[in-house]
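Here is how the chains run, residue by residue.
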Amino acid sequence: GEDWENEGDYMHDLQAYMVEGAHSGVNFNTYFGYLDDSGMGMMDKLPPFTFGDGVARVIDHMWVTNTTYVYNQLQKAGFGSTYVLSDESTFKIIAYGYESDDDDEPTTAEFYLLNKGKKFVTEWTKWDLSLLGKVVKVEFNIVGSDDMYGDYGLSVPGYFAYDDVAVQFESETGNKVFK
């Protein structure tokens, strides 16, 4: 639907905000999950992206946007929180790239779904993940600014929509090919 404000509840948690469908094609994915130090987090480990064959590859980029649920909960200070967005409030995704299964020092990349000054992502936006290098696994965490945490941890739903994850493969001629 297009009633973005009224469709911003938990019944619309998988809907990308203010976009008509996927970045390309007919579908997209919605990620859910986060870890925080509250002890009240939704999970005890982050769900990973992995390559089935265990070969490390460069994830070049993916397209991301806010979900309707997250956007509206940020606007209304959801889950009973009393925070009010300020010009310093942020809500971001952190990607952790692991070059092997034994890697305990991942590389990181960040993407702001809400940047300082109340700048929201409201369209499919390309996120460069190539700086993670060759990875066998990537984990994503959702992190808000300090004003978004209460007695029960993060007060905003830990969702983002993503589409068109591009991975670099080498062709027989040695050129990079995206799949």
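Novice: Describe the pattern of salt bridges, listing the residues and the values that go with them.
Specialist: By the definition in use, this model includes 4 salt bridges. For K116, the salt bridge identified is with E88, shortest N-O distance 3.6 Å. Here K116 is found in the loop between β5 (107–115) and β6 (119–120), whereas its partner E88 is found in the loop between α1 (68–76) and β4 (91–98), with 28 residues between them in sequence. Taking the relative accessible area as the measure of exposure, K116 reaches 44% and is therefore partly exposed. Here E88 falls in the exposed class, since its relative accessible area comes to 53%. A salt bridge links K92 to E110; its shortest N-O distance comes to 3.2 Å. Of this pair, K92 sits in strand β4 while E110 sits in strand β5, placing them 18 residues apart in sequence.

Novice: So what about a negative patch on the surface? Which residues, and what values?
Specialist: Residues D101, D102, D104 and E105 make up a contiguous surface patch of negative charge. Relative to the helices and strands, D102 is located in the loop between β4 and β5.

Novice: Mind laying out the packing of aromatic side chains, listing which residues take part and the relevant values?
Specialist: Taken as a whole, this structure holds 12 aromatic pairs when the rule is applied. With a centroid separation of 5.5 Å and an interplanar angle of 65°, the aromatic rings of F28 and W124 are classed as edge-to-face. Of the two residues, F28 is situated in the segment before β1 (29–32) and W124 in the loop between β6 and β7 (125–128); the sequence distance between them amounts to 96 residues. For W124, a relative accessible area of 12% translates into the label buried. Ring pairs connect the aromatic residues Y31, F49, F111, W127, F140, F160 and Y162, which therefore count as one cluster.

Novice: Just give me the short version of unusual backbone geometry, but keep the residues and values in it.
Specialist: Phi is positive for D164, which is not a glycine, with a value near 50°. Its location among the elements puts D164 in strand β12 (residues 159–170). Owing to a relative accessible area of 28%, D164 belongs among the partly exposed residues under this scheme.

Novice: Tell me about the nonpolar core, and please be specific about residues and values.
Specialist: Membership of the largest hydrophobic core comes to 35 residues, with the highest contact counts inside it found for L74, F91, W127, F140 and F160. Mapped by element, the contributors of at least two residues to this core are β3 (57–65), α1, β4, β5, β9 (137–144) and β12.

Novice: Explain the sheet that holds β9 to me, using residue names and the numbers behind them.
Specialist: With antiparallel pairing, 5 strands are arranged side by side in an open sheet as β2-β9-β4-β5-β6. Two strands in the sheet have a free side with no partner beyond their single neighbour: β2 (48–50) and β6. Pairing of β5 with β6, which is carried by 2 bridges, proceeds in the antiparallel orientation. Bridge pairing links L114 to F120 in β6.

Novice: Which residues make up the pairing of β3, and what values do they have?
Specialist: With 9 of its 9 residues buried, β3 lies for the most part within the structure. Pairing geometry for β3 and strand β8 (residues 134–135), over 2 bridges, is antiparallel. Counted as the bridge partner of R57 is V135 from β8. Relative to β12, β3 is paired through 5 bridges, and the arrangement is antiparallel. Across the sheet, the residue bridging to H61 is A166, located in β12. Judged from the 4 bridges that link them, β3 and β7 form a sheet pairing that is antiparallel. Bridge pairing in β7 places W63 opposite K126.

Conventions used here
Residues numbered from 1 in each chain as written. Predicted model: local features only at pLDDT ≥ 70, side-chain atom pairs only at ≥ 80, totals over all residues. Heavy atoms only, no water. Salt bridge = Lys/Arg side-chain N within 4 Å of Asp/Glu carboxyl O. Helix = DSSP H or I, 4+ residues; strand = E, 2+ residues; numbered from the N terminus. Buried < 20%, exposed > 50% of the residue type's maximum accessible area, 1.4 Å probe, protein only. Patch = residues over 30% accessible without salt bridge, like charges linked within 9 Å, V, L, I, M, F, W, Y side chains within 5 Å. Areas by Shrake-Rupley, 256 points an atom, 1.4 Å probe, with all protein chains shown as cover. Lys, Arg positive; Asp, Glu negative; His and termini not counted. Charge placed at Lys NZ, Arg CZ, Asp CG, Glu CD. Phe/Tyr/Trp six-rings, centres within 6.5 Å; stacked < 30°, edge-to-face > 60°. Core = buried A, V, L, I, M, F, W, Y, C linked by side-chain atoms within 4.5 Å. Pairing = 2+ DSSP bridges.

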